[in-house]
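An overview of the molecular structure
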Amino acid sequence: MLEEVKKSLEESPIVKKGDYDYFVNPISDGVPAIDAKILRELAMSVYKHANLEIDKIVAVEAMGIHLATALSLATDIPFVVIRKRQYGLPGEKEVYQKTGYGSSNLYVNDLHEGERILLIDDVVSTGGTLIALINTLRDMKLDLKSVVAIIDKGDGKKIVKEKTGVDVISIVKLDVVDGKVVIESTIED
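None of these values were measured; they are calculated from a predicted model.

**With respect to the environment of Phe79**
With respect to the element layout, Phe79 can be found in strand β4 (residues 79-82). With near-sequence residues (within four places) excluded, Phe79 lies in contact with Ile57, Ile65, Ala68, Thr69 and Ser72.

Here you go:
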């Protein structure tokens, strides 16, 4: 399993963003086009390994949206997108996130105290986005049943665990070595 996912990742070109090695891939960038087989493999892997006794799937814009969509279609569980745009709706929460290559604000809407959620994003690398979101979602008194980052790059998952106590489920563990993506393990191994 995950053969299409692994192949796609191993073929990823690497670009530099300052000192940060950024891999360009359909899962994390939408470029090149993402094959439905990849989404199916990922959705089935999350389905198999995450706690889906939840009310909502919560995705991070933009690259969590296709992952949440695939999982929602496989489970009939609705999803909410944490956006980069402020709407000013009642109860909207602002989250400051800092990643390995930038920072911005995110906005949380349509999540309510006590809801059971699965948080999904494409990559955890520095942990900045997930740490900020986990802390905000806890402050909102949401029940985080699972946190999923499809790709764990470097020490991202470990950093999130150290800062929040939350175990992140990752489907693929990889790093960039000598300008190439090296897959260290998958959840299916």
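**Focus on unusual backbone geometry**
A cis amide bond, omega -10 degrees, links Val31 with the succeeding residue Pro32. Position of Pro32 relative to the elements: it lies in the loop between α2 (26-29) and α3 (36-49). A cis amide bond links Glu61 to the next residue, Ala62, at an omega of 0 degrees. Secondary-structure assignment places Ala62 in the loop between β3 (56-60) and α4 (65-75). One non-glycine residue, Leu2, lies in the positive phi region at around 65 degrees. Mapped onto the fold, Leu2 is located in the segment before α1 (3-10). What makes Leu2 buried here is its relative accessible area of 0%.

**Structural notes on the nonpolar core**
Leu9, Val46, Leu118, Ile120 and Ile150 are the most contacted members of the largest nonpolar core, which has 32 residues in total. Among the secondary structure elements, those contributing two or more residues to this core are α1, α3, β3, α4, β7 (116-124), β8 (143-153), β9 (168-177) and β10 (180-186). Once you skip the residues sitting within four places of it in the chain, Leu118 turns out to touch Val46, Ala50, Asn51, Leu52, Ile54, Lys56, Ile57, Val58, Leu71, Ser146 and Val148. Formed by 25 residues, the second largest nonpolar core is a distinct cluster that contains Leu130, Ile131, Val147 and Val166.

**Focus: helix α5 (residues 128-139)**
Here α5 contains 12 residues, and its C-alpha end-to-end distance of 17 Å stays within 8% of the 16 Å for a straight helix at 1.5 Å per residue. Counting buried residues along α5, 9 of its 12 residues qualify, which places the element largely inside the surrounding structure. Within α5 the residues assigned to the buried category are Gly128, Thr129, Leu130, Ile131, Ala132, Leu133, Ile134, Thr136 and Leu137.

**Overview of the sheet that holds β9**
One open sheet holds the 6 strands; their spatial order is β4-β3-β7-β8-β9-β10, and the pairing between them is mixed. Each end of this open sheet is capped by a strand with a single partner; those strands are β4 and β10. Here the strands of the sheet are splayed against their neighbours by 25 degrees on average, with no regard to which way each runs. Sheet strands in contact with α4 are β3, β4, β7 and β8, and its direction is about 165 degrees off that of β3.

**A few points about the pairing of β10**
In this structure, β9 lies alongside β10, joined through 6 bridges in antiparallel fashion. Note that in β10 the partner of Val172 across the bridge is Thr186. In textbook terms, the turn of a hairpin is the stretch between consecutive antiparallel strands, and for β9 and β10 this stretch comprises 2 residues, one of which, Asp178, has a positive phi near 50 degrees.

**Quick notes on the pattern of salt bridges**
Within the structure shown, the criterion is met by 11 salt bridges. For Glu3, the salt bridge is made with Lys6, and the minimal N-O distance between the two is 3.3 Å. Residue Glu3 and its partner Lys6 are both found in helix α1; the two are separated by 3 residues, about one turn of the helix. Using a relative accessible area of 19% as the deciding quantity, one classes Lys6 as buried. A salt bridge links Glu188 to Lys48, with the nearest nitrogen and oxygen atoms 2.8 Å apart. Here Glu188 is found in the segment after β10, whereas its partner Lys48 is found in helix α3, with 140 residues between them in sequence. The network of salt bridges with shared partners includes Lys56, Asp110 and Glu115.

**Some remarks on the packing of α5 against helix α6 (residues 156-164)**
In contact at an axis separation of 10 Å, α5 and α6 are set at 35 degrees when each is read in the N-to-C sense. Once α5 is placed against α6, the crossing between them reads as right-handed. Where α5 abuts α6, its residues Leu130, Ile131, Ile134, Asn135 and Arg138 lie against Ile159, Val160, Lys163 and Thr164. Of the residues contributing to the contact of α5 with α6, the split by class is 5 nonpolar, 2 polar and 2 charged.

Calculation rules
- Residues numbered from 1 in each chain as written.
- Predicted model: local features only at pLDDT ≥ 70, side-chain atom pairs only at ≥ 80, totals over all residues.
- Heavy atoms only, no water.
- Helix = DSSP H or I, 4+ residues; strand = E, 2+ residues; numbered from the N terminus.
- Contact = heavy atoms within 4.5 Å.
- Buried < 20%, exposed > 50% of the residue type's maximum accessible area, 1.4 Å probe, protein only.
- Core = buried A, V, L, I, M, F, W, Y, C linked by side-chain atoms within 4.5 Å.
- Expected span 1.5 Å × (residues − 1).
- Pairing = 2+ DSSP bridges.
- Axes fitted to C-alpha atoms, helices over the stretch in contact; angles between N-to-C directions.
- Salt bridge = Lys/Arg side-chain N within 4 Å of Asp/Glu carboxyl O.
- Left-handed = near helix turned anticlockwise from the far one by under 90°.
- Nonpolar A, V, L, I, M, F, W, Y, C, P; charged D, E, K, R; others polar.

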